[in-house]
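Tertiary structure, described
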Amino acid sequence: PLFLSSLTAVTSPCKILKCNSEFWAATSGSHHLGAEEAPEFCTALRAYAHCTRRTARTCRGDLAYHSAVHGIDDLMVQHNCSKDGPTSQPRLRTLPPGDSQERSDSPEICHYEKSFHKHSAAPNYTHCGLFGDPHLRTFTDTFQTCKVQGAWPLIDNNYLNVQVTNTPVLPGSSATATSKLTIIFKSFQECVDQKVYQAEMDELPAAFVDGSKNGGDKHGANSLKITEKVSGQHIEIQAKYIGTTIVVRQVGRYLTFAVRMPEEVVNAVEDRDSQGLYLCLRGCPLNQQIDFQTIRSAQATEGRARRKGPSLPTPPEAFTYETATAKCREKLPVEDLYFQSCVFDLLTTGDVNFMLAAYYAFEDVKMLHSNKDKLHLYERTRVLTPGNTAPTGTHPTLWVALLCLCWLSLL
């Protein structure tokens, strides 16, 4: 019963992020509006308020929603806007010259490479990525396939926190994928205010939850900026003050995450021993890891055995081992762990979008990883603690039990 109850997926229907993004798109640069254009800003505010009212019922417990509601009331008072009037969206604005998002005179402290490494060697950058069902590549190039259902911290240091929420892909299955992502950039000196970015399934905003696209009102605000690469599918966040680049994608219904970060920032924690679980640094807990290569072998064996009659239960799938392998080769010609992850995901989910997730994850590695000799990984890196290693002469009964457990992990 505990196992089955843990498979319940909860997806928030709150659409406050969409309201925030629409308001930002309508009013970019509006803090420079002259008095004659104030009615246009008020129109956008009324549209924003109308949007929040439409989603009020599903957002009652969402902090971003309540923050938006209070912010609208404050802006209404500041700009002397009437709550009654037109709510049609005004035209999109372009940022005027000299806007804080275009300034190049930010303090040197807000540029990591200039400030931290002025008289030393260039920083050593590391990479972490999470994609698919889900597969994790840590800052130390450890590659794991994990269950990690629910909310888990990916990164937790002195500068930012990243948390993901993974939900079951299919009812009654332990195959999970990332359905929600929250990134908190902490306030830093004269560079940036605290900013929160949040994405969910079918909601990949091109702005922070407060509607802004940069680090706020501080002089170095431009050192934190969001860029939309493909609408609703691909955004990039540049945090120059900590030398960090983050890529978030929506592929199919689910999210992928990739980051490039200096080792100095990765290890910037006040008390590393009591830091707790941090997936990008420490990997998934042993009891949350899946040895997908063993399962993959079982899947291939089971595919051949089906011709002789029923044996082990089969997961819901649209691919055989052979067709999944052929499909993954279309985008991933090198049979590394990204390719193997692709095959595993197609067999466990039957969703071709997981092939694209593996493909884009590897494309992000090519862009973000500093060591081009380590782009491809070939060996599984699941670490077994002493006592968990299998004996060389495994009894046939133990082998049957292990195979059954592998299949149960797919149900």
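Because the structure is a prediction, the values reported are computed rather than measured.

Two elements in contact, helix α9 (residues 321–331) and helix α10 (residues 337–349), have axes whose closest approach is 9 Å; the angle formed by their N-to-C orientations is 135°. Considering their axes alone, α9 and α10 lie oblique with respect to each other. You can see that α9 and α10 cross each other, and the crossing is right-handed. Residues Tyr321, Ala324, Thr325, Lys327, Cys328 and Arg329 of α9 form the contact with α10, whose participating residues are Phe339, Cys342, Val343, Leu346 and Leu347. Per-class residue counts for the contact of α9 with α10 are 8 nonpolar, 1 polar and 2 charged.

Going through the model one piece at a time under the given rule, you end up with 7 disulfides. In this model cysteine 110 forms its disulfide with cysteine 191; the gap between the sulfur atoms is 2.0 Å. Given an S-S torsion of about -100°, the disulfide between cysteine 110 and cysteine 191 has left-handed geometry. One end of the pair, cysteine 110, is in the loop between α4 (63–78) and α5 (112–116); the other, cysteine 191, is in the loop between β6 (176–185) and β7 (195–200), and 81 residues separate them in sequence. The partner cysteine of cysteine 128 in its disulfide is cysteine 280, sulfur to sulfur 1.9 Å. Here cysteine 128 and cysteine 280 share a disulfide; its torsion about the S-S bond, -80°, makes the bridge left-handed. Highlighted residues: cysteine 128 in strand β1 (residues 125–131) and cysteine 280 in helix α7 (residues 279–282), separated in sequence by 152 residues. When its relative accessible area of 0% is taken as the criterion, cysteine 128 is described as buried.

So, on to unusual backbone geometry. Of note in the backbone geometry, aspartate 141 takes a positive phi value of approximately 65° without being a glycine. Counting through the fold element by element, aspartate 141 comes out in the loop between β2 (135–137) and β3 (143–146). The residue glutamine 189 is not glycine, and still its phi comes out positive at about 45°. Mapped onto the secondary structure, glutamine 189 falls in the loop between β6 and β7. On the accessibility criterion, glutamine 189 (46% relative accessible area) is partly exposed.

By the definition in use, this model includes 4 cavities of 30 Å³ or more. Lining the second largest cavity are Gly132, Ala177, Val251, Gly252, Arg253, Tyr254, Leu255, Thr256, Asp351, Asn353, Phe354 and Ala357. Of all elements in the fold, only β11 (254–262) and α11 (353–368) reach the threshold of two or more residues within the lining of the second largest cavity. In the lining of the second largest cavity, the residues fall into 6 nonpolar, 4 polar and 2 charged.

Looking now at the sheet that holds β1. Spatially, the 8 strands line up as an open sheet ordered β8-β9-β10-β11-β1-β2-β3-β12, and their pairing is antiparallel. Each edge of the open sheet carries a strand with a single partner, namely β8 (224–230) and β12 (289–290). Here β2 pairs with β3 via 3 bridges, running antiparallel. Within β3, the position partnered with leucine 136 by the bridge is glutamine 144. Of the strands in this sheet, β1, β2, β9 (234–239), β10 (244–251) and β11 touch α11, which is tilted by about 165° from β10.

Residue classification places aspartate 141 among the buried residues on the basis of a relative accessible area of 15%. Looking at aspartate 141, its side chain comes within polar contact range of the side chain of arginine 137, at 3.0 Å. Sequence-distant contacts of aspartate 141, that is, excluding residues within four places in its chain, are made with His369, Lys374 and Leu377.

Taken as a whole, this structure holds 11 aromatic pairs when the rule is applied. Pairwise contacts between aromatic rings join Phe131, Phe143, Tyr338 and Phe362 into one cluster. Lying across the ring of tyrosine 125, arginine 260 places its NZ or CZ 3.6 Å from the centre. Taking the ring centre of tyrosine 359 as reference, the NZ or CZ of lysine 331 above it sits at 4.6 Å.

Moving on, we get to the pattern of salt bridges. For the coordinates displayed, the defined rule picks out 6 salt bridges. In this structure, arginine 137 and aspartate 141 form a salt bridge, with 3.0 Å as the shortest nitrogen-oxygen distance. Each member of the pair, arginine 137 together with aspartate 141, is buried. Between aspartate 364 and arginine 249 there is a salt bridge whose closest N-O contact spans 2.8 Å. Of this pair, aspartate 364 sits in helix α11 while arginine 249 is found in strand β10, placing the two residues 115 residues apart along the sequence. A relative accessible area of 2% places aspartate 364 in the buried class. Overall, arginine 249 belongs to the buried group, its relative accessible area being 10%.

Taken in spatial order, the 4 strands make up an open sheet running β4-β5-β6-β7, and their pairing is antiparallel. Looking at strand neighbours, the two that pair on one side only are β4 (150–156) and β7, the edges of this open sheet. For this sheet, the mean inter-axis angle between neighbouring strands, taken without regard to orientation, is 20°. Both β4 and strand β5 (residues 160–168) contribute to a ladder of 6 bridges, which runs antiparallel. Residue proline 153 lies in a different strand from β5, and its bridge partner there is glutamine 163.

The rules we used
Residues numbered from 1 in each chain as written. Predicted model: local features only at pLDDT ≥ 70, side-chain atom pairs only at ≥ 80, totals over all residues. Heavy atoms only, no water. Axes fitted to C-alpha atoms, helices over the stretch in contact; angles between N-to-C directions. Helix = DSSP H or I, 4+ residues; strand = E, 2+ residues; numbered from the N terminus. Parallel < 35°, antiparallel > 145°, perpendicular 65-115°, else oblique. Left-handed = near helix turned anticlockwise from the far one by under 90°. Contact = heavy atoms within 4.5 Å. Nonpolar A, V, L, I, M, F, W, Y, C, P; charged D, E, K, R; others polar. Disulfide = S-S within 2.5 Å. Buried < 20%, exposed > 50% of the residue type's maximum accessible area, 1.4 Å probe, protein only. 1 Å grid on protein atoms, 1.4 Å probe; cavity = no way out; pocket = protein on both sides within 12 Å on 5 of 7 lines; lining within 4 Å. Points joined across faces, edges and corners; volume = space filled by probe spheres on them. Pairing = 2+ DSSP bridges. Polar contact = N/O pair within 3.5 Å; in protein donor to acceptor, adjacent residues only side chain to side chain. Phe/Tyr/Trp six-rings, centres within 6.5 Å; stacked < 30°, edge-to-face > 60°. Lys NZ or Arg CZ within 6 Å of the ring centre and 35° of its normal. Salt bridge = Lys/Arg side-chain N within 4 Å of Asp/Glu carboxyl O.

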